[in-house]
Amino acid sequence: MILLNRKRLLWGKRDRKADAVAKELDDAFLAWGASVAILDAAGDGIPDRLIGIQGINRLVEYKTAKNKLRESQEVFHAYWRGSKEIAREKAHVTRIIGEMRLQAQRLALVL
């Protein structure tokens, strides 16, 4: 696992074969103040990133506009009972962050 913050790589080593959109989307999540853990090396259909903000976590698969999920990723998405998303562009990052912040606000009202 690799952990990023806004200024630098905190732990681990980036994979040079990451999806073409990875750096752009990582930077977008970081700009919103999210934590980004790179899970690329996990394999077996596990999404590319674990994103955290305001106590809410979400698994996020990065794909370019044309790329589809591989079979192992389809299986993971079908059976994973937690939160997961697919991000292809910065607009998706904005939507995901908005949903996560809303979820955090709702949880705060309940607690």
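Residues numbered from 1 in each chain as written. Predicted model: local features only at pLDDT ≥ 70, side-chain atom pairs only at ≥ 80, totals over all residues. Heavy atoms only, no water.

### With respect to the overall build of the protein chain
Next up, step 1: Secondary structure assignment for the protein chain yields three helices and six strands.
Next up, step 2: By residue count, 36% of the 111 residues in the protein chain fall in the buried class.
Next up, step 3: Pairs at least 24 residues apart make up 51% of the contacts formed inside the protein chain by residues separated by at least 6 positions.
Next up, step 4: Put simply, the protein chain shows about 7300 Å² of open surface, and 53% of that area lies on carbon and sulfur atoms. (Helix = DSSP H or I, 4+ residues; strand = E, 2+ residues; numbered from the N terminus. Buried < 20%, exposed > 50% of the residue type's maximum accessible area, 1.4 Å probe, protein only. Contact = heavy atoms within 4.5 Å. Areas by Shrake-Rupley, 256 points an atom, 1.4 Å probe, with all protein chains shown as cover.)

### Re unusual backbone geometry
Next up, step 1: The phi dihedral of D44 is positive, around 55 degrees, even though this residue is not glycine.
Next up, step 2: When you line up the elements, D44 lands in the loop between β3 (35–38) and β4 (49–53).
Next up, step 3: Residue class for D44 comes out exposed when judged on its relative accessible area of 70%.
Next up, step 4: Phi at Q54 takes a positive value of approximately 50 degrees, unusual for a residue other than glycine.
Next up, step 5: By secondary structure assignment, the location of Q54 is in the loop between β4 and β5 (56–62).

### A look at the confidence of the model for the protein chain
Next up, step 1: When the pLDDT values of the protein chain are averaged, the result is 87; 82% of them are 70 or greater.
Next up, step 2: Ranking the elements of the protein chain by mean pLDDT puts strand β2 (residues 9–11) last, at 49, and β5 first, at 97. (pLDDT = per-residue confidence, 0-100.)

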